[in-house]
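# Per-entry structural report
Below, each chain spelled out in residue letters.
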Amino acid sequence: IEGTIATGMWTIVGRGHGNDEVTREDIRKVIETTTTAINLPADKEVLHKIPRSYTIDGIKLFENPINTIGKRLDAEVFIVTSSASTVKNFMNCIEAPGYVVDQVMLKTLAATKAVMTEDEQNLGSLIIDIGGGTSEAAVISLGSIVTAKTVRVAGNAFDEAIANYIKKKHNLLIGERTAEQIKIEIGSALPYEGERTIEIKGRNQVDGLPKNVVITSAEVRAAMSDPISQIVDTVRTTLEKTPPELASDIIDRGIVLTGGGAQLRGLDKLIQDEIDIPVHVADNPIDCVVEGIGKRLDADLPFNTYYRR
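Residues numbered from 1 in each chain as written. Predicted model: local features only at pLDDT ≥ 70, side-chain atom pairs only at ≥ 80, totals over all residues. Heavy atoms only, no water.

Taken together, 3 strands build an open sheet; the order of strands is 8-9-10 and the sheet is antiparallel. Each edge of the open sheet carries a strand with a single partner, namely strand 8 (172-173) and strand 10 (210-216). Sheet topology note: the strand 9 (residues 197-204)/strand 10 ladder contains 7 bridges and is antiparallel. Counterpart to Glu-199 in the pairing with strand 10 is Val-214. On top of the sheet, helix 5 (residues 155-170) reaches strand 8, strand 9 and strand 10; it is set at about 110° to strand 10, its chief contact. The strands touched by helix 6 (residues 176-186) within the sheet are strand 9 and strand 10, with strand 9 carrying the most contacts at an inclination of about 170°. (Pairing = 2+ DSSP bridges. Helix = DSSP H or I, 4+ residues; strand = E, 2+ residues; numbered from the N terminus. Contact = heavy atoms within 4.5 Å. Axes fitted to C-alpha atoms, helices over the stretch in contact; angles between N-to-C directions.)

Right under this line is the structure:
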């Protein structure tokens, strides 16, 4: 997932009687023109076109400009793109059993609806969704994305790192389910009170026979250190791209973690220690994306919210 800012311009068609009011069609047209303003590679798909602000006859607005009178409408739009093949493969998986994909939505946009009020979305906020395959960080302000970054490091990477560590350290082959079990039972980002060990079963690489090994919390923490560091770097990079006027809001409000990966013990504290900004885990973090999608489907969203090409 990538994001870029583009601008577009649209001349409002005169409708007589001096009543050249901005209509929904004018807004749709000006947003569509922004795609031509960027050099979109052939392997990229536009997921969202999210208006950040409008300008009518040189006067900048942040609200929906419908019914504003003017001749020239400009828009600053945040365009979210993804790999076209990734989107296609995702849609094929959903449609194979007979379902129909209505639209593809960035996870952080959905999660935002579940964990933030409308007022909170208008302030500077940073949300990080740590799912199974990707982690996404997004700065939200005025109800839209200011900047965002996605990395292919999340819960599955934690499991893979644990399995690789045990393979190298103990010559033991384990499956994904065992690695996940280890992560859930004794995994952590920081040392915690009451740390314990866990006995696991796997296949010995040397003779191919079943073998039992005892793993400590410290070992699991060491195994996951690299993917955890990549997530922290993603947060840091996102903050570096955040406009200064929003950084103070984020410092005051803190960072929200969502997704199943947010449940890793001590991850919120580690991120907080690394970047010196308060971090808290959302209520029911694993369900935030689903809850947010449900709310967006039920809500009467403003016209100028999200678009697909």
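Let us look at the pairing of strand 6 (residues 135-141). Counted residue by residue, strand 6 has 7 buried out of 7 residues, so it is predominantly covered. Residue alternation in strand 6 divides its side chains into two sets, Ser-135, Ala-137, Val-139 and Ser-141 and Glu-136, Ala-138 and Ile-140, and both sets are buried. Bridge analysis of strand 5 (residues 125-130) against strand 6 gives 6 bridges, and the strand direction is antiparallel. When the bridges of strand 6 are listed, Ser-125 appears paired with Ile-140. Between strand 5 and strand 6, which follow one another and run antiparallel, lie 4 residues. Where strand 6 lies against strand 7 (residues 144-151), 7 bridges are found, and the strand directions are antiparallel. Across the sheet, the residue bridging to Ala-138 is Ala-148, located in strand 7. Joining the antiparallel neighbours strand 6 and strand 7 is a turn of 2 residues, in which Leu-142 adopts a positive phi near 55°. (Buried < 20%, exposed > 50% of the residue type's maximum accessible area, 1.4 Å probe, protein only.)

This paragraph deals with the confidence of the model for the chain. Note that predicted coordinates carrying low pLDDT should not be read in detail. In this model, the chain carries a mean pLDDT of 86, and residues with pLDDT of at least 70 account for 93%. Considering each helix and strand of the chain separately, the mean pLDDT is smallest for strand 1 (residues 2-11), with a value of 74, and largest for helix 7 (residues 217-223), with 97. Low pLDDT (under 50) marks residues 302-309, which in the prediction has 30 contacts with non-local residues, meaning those over four places away or in another chain. (pLDDT = per-residue confidence, 0-100.)

For the pair helix 3 (residues 107-115) and helix 11 (residues 288-298), the least separation of the axes is 7 Å and the interaxial angle reads 80°. With respect to helix 11, the axis of helix 3 lies roughly perpendicular. Residue-level inspection shows Lys-107, Leu-109, Ala-110, Ala-111, Lys-113, Ala-114 and Val-115 of helix 3 in contact with helix 11, the latter providing Cys-288, Val-289, Glu-291, Gly-292, Ile-293, Lys-295 and Arg-296. (Parallel < 35°, antiparallel > 145°, perpendicular 65-115°, else oblique.)

Below, the discussion takes up a nonpolar patch on the surface. Side chains of Phe-90, Ile-94 and Tyr-99 sit close together on the surface and give an oily, nonpolar patch of about 320 Å² of accessible area. Of the residues examined, Ile-94 reaches a relative accessible area of 33% and is grouped as partly exposed. (Patch = residues over 30% accessible without salt bridge, like charges linked within 9 Å, V, L, I, M, F, W, Y side chains within 5 Å. Areas by Shrake-Rupley, 256 points an atom, 1.4 Å probe, with all protein chains shown as cover. Salt bridge = Lys/Arg side-chain N within 4 Å of Asp/Glu carboxyl O.)

Moving on, we come to the sheet that holds strand 6. Read across the sheet, 5 strands follow the order 7-6-5-11-12 without closing on themselves; strand pairing throughout is mixed. Looking at strand neighbours, the two that pair on one side only are strand 7 and strand 12 (279-281), the edges of this open sheet. Each strand axis lies, on average, 20° off the axis of its neighbour in the sheet, ignoring direction. Bridge count between strand 5 and strand 11 (residues 255-258): 4 bridges; the pairing is parallel. Looking across to strand 11, one finds that Ile-128 is bridged to Leu-257. Strand contacts of helix 10 (residues 267-275): strand 5, strand 11 and strand 12, with the helix running at about 165° to strand 12, the strand carrying the most contacts.

Among the nonpolar cores identified, the biggest contains 43 residues, and Ile-200, Ile-228 and Ile-255 are the most heavily contacted of them. Of all the elements, helix 5 adds the most residues to this core, at 5 residues. Leaving out residues up to four positions away in the same chain, Ile-200 has contacts with Ile-166, Leu-172, Ile-174, Thr-178, Ile-182, Lys-211, Asn-212, Val-213 and Ile-215. Within the second largest apolar cluster, 22 residues are counted, among which are Ala-110, Ala-114, Ile-145 and Val-256. (Core = buried A, V, L, I, M, F, W, Y, C linked by side-chain atoms within 4.5 Å.)

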